[in-house]
Every structure is written in structure tokens, then in C-alpha cells.
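Given next are the chains, with one letter for each unit.
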Amino acid sequence: MRGEIVYRKVEVLRWKQLLLFLSAFLFASAAFLILWFYVGEFYQYTVFSVAAFILNAMGYSEAQISAVNLTRAYLANFNLVPLIALAVTTPRIAWMKRVKMLAIGFPVLFSLHVLDIIAHFPMYFHDSEFARMIVYSLGVAGVAAPFIIWFALTHDDLSYLLSEEVRKYSCPICGAEMRGEDFLKHIKEAHGKKALKSKKVKDFIRKHPEMQRRRL
Ligand SMILES: [Zn+2]
């Protein structure tokens, strides 16, 4: 319809954004993984200390705890890497949401890492099937957890990422579609300077007051 606002989905922009996000995520993950080689050992030491404290309370001896020393298995906790990478690289989300993602995700993953170590003990010392099930489930849950936390917090923002809607106007004279910022230029170039004073254009600008501001 001539002189109306039309909405168009711009697929190219949408895919471009998705690809940009994906490459930013992969690049950030690689960078954080390198960092993890240095930080991971200290993190795993902290996780193991908390787990040892709980295992002591559960009745396992110091000798048993140090026999199953998992302090060096820090690469198993790499799922903190995608969590941080997602918090940093997801486009168009509020900074508070990024902070929230880490504030929720970090304790959740930390608890899973502690639980993972604890579950290894009844599995080794009592051949517990239940503990084995927990250890195997945590292997899967550990990979999925950062993405579940990310999706839970950002699914409403993701609709922006998946469909970019661009507001366009159709020319009141010829019906050609254009963005608002190109409107006056189009009238001048396609229909002549006189067309700017025409009734059709004046009516259009009155109907879309945001165009008035562009003129000033
Ligand atoms: Zn036109």
C-alpha cells in the first residue's frame, strides 16, 4: 500500500548475526580454554577441598580421600568455559543478564563438580550402582548445563536474534519501499524537488510525524 509502513524480515541480517555470534562464541571459548589450562588446576583444588570436607562428614577416611585424588582432573570441569563464553558473546542482552548468568551458573556448575567427586567414592569403595548412575548422568548434564542456564535466561532475547524486523516505508507516490532515513532523498531524487511540497508527501509526513524530525 502506498504511503504506509511495511515490516520486512531481513533474512540476510539474521543469518549474518547468527554466524557472527557463533564465531565470537567459538573464538571466546578457545581463548578461555587456554586460560583454563592455568586457572583450572586451582579451581579443581577448591572443588576437591569442598568435596573432601563433605566426604569426611560422610565417614570416608583421609587415606581413602587422598587415594582417589582427582585434583589433577581439572579439564573435566571445562564446562565453565562455554558458560563464560556465552555470557560474554551473546549479542543484545543486558549486562545484568550476563552477570546473572554467571552468578547463577557458577554455583550450579561448582555444585555439580563437587557432587561428581563425591559420587566417585561410593562407586569405587562400595561399587554402588546408584553412584555410578550419578557419575554417568553428570557427564551428560555437565555438558548440557551451561547451555540450559544460558537458554533459560536468554530465550526471550533470542527471538530478536532469530528474526530481525526492519521497519520500512512505502513511497506515497510510486510505492517503492525504503527505510525512513532514505525517504526524503528518494522523493527528491525519484520525483523531483517539487514533489517534496506535493500534497501526497505532505500528507505522508503528517501521518508519520517521525519523518518531520528527520527533516529538521
Ligand atoms: Zn517514489
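You'll find the structure just up there.
Here the structure is a predicted model, which is why all the values come from computation and not from measurement. (Residues numbered from 1 in each chain as written. Predicted model: local features only at pLDDT ≥ 70, side-chain atom pairs only at ≥ 80, totals over all residues.)

1. Digging into the overall build of the chain
Helix and strand counts for the chain stand at eight helices and three strands. Considering the chain as a whole, with its 216 residues, one finds that 18% of them fall into the buried category. Look at the contacts in the chain between residues 6 or more apart in sequence, and 73% of them connect residues 24 or more apart. (Helix = DSSP H or I, 4+ residues; strand = E, 2+ residues; numbered from the N terminus. Buried ≥ 20, exposed ≤ 12 C-beta atoms within 10 Å, placed from the backbone. Contact = placed C-beta atoms within 7 Å.)

2. Section: the environment of Ala190
Note that Ala190 resides in helix α6 (residues 183-191). The spacing of Ala190 and Ile173 is 17 residues in sequence and 9.6 Å in space, taken between C-alpha atoms.

3. What about the packing of helix α3 (residues 80-89) against helix α4 (residues 95-125)?
When two helices pack together, you describe them by how their axes are tilted relative to each other and by the distance separating the axes. Between α3 and α4, whose axes approach to 9 Å, the crossing angle comes to 170°. In terms of their interaxial angle, α3 and α4 are classed as roughly antiparallel. Facing α3, whose interface residues are Leu80, Leu83, Ile84, Leu86, Ala87 and Val88, α4 presents Arg98, Met101, Leu102, Gly105 and Leu109. Here the contact of α3 with α4 is built from residues that sort into nine nonpolar, one polar and one charged. (Axes fitted to C-alpha atoms, helices over the stretch in contact; angles between N-to-C directions. Parallel < 35°, antiparallel > 145°, perpendicular 65-115°, else oblique. Nonpolar A, V, L, I, M, F, W, Y, C, P; charged D, E, K, R; others polar.)

4. Observations regarding the nonpolar core
Listed in full, the ten residues of the largest apolar core are Leu80, Val81, Leu83, Ile84, Ala85, Leu86, Ala87, Met101, Ile149 and Trp150. For this core, the elements supplying multiple residues, two or more each, are α3 and α5 (129-162). For this core, the element with the highest residue contribution is α3, accounting for seven residues. Sequence-distant contacts of Ala85, defined by excluding residues within four places in its chain, comprise Phe25, Ala28, Ser29 and Phe32. By size, the runner-up hydrophobic cluster in this structure holds nine residues, among which are Val47, Phe48, Ile118 and Phe121. (Core = buried A, V, L, I, M, F, W, Y, C linked by C-beta atoms within 7 Å.)

5. Brief notes about unusual backbone geometry
You will see that Arg92, though not glycine, has its phi angle at about 60°, which is positive. Positionally, Arg92 belongs in the loop between α3 and α4. Arg92 gets classed as exposed once you count the C-beta atoms within 10 Å, which come to 11. A positive phi angle, near 50°, is found at Asp127, a position not held by glycine. Structurally, Asp127 can be placed in the loop between α4 and α5.

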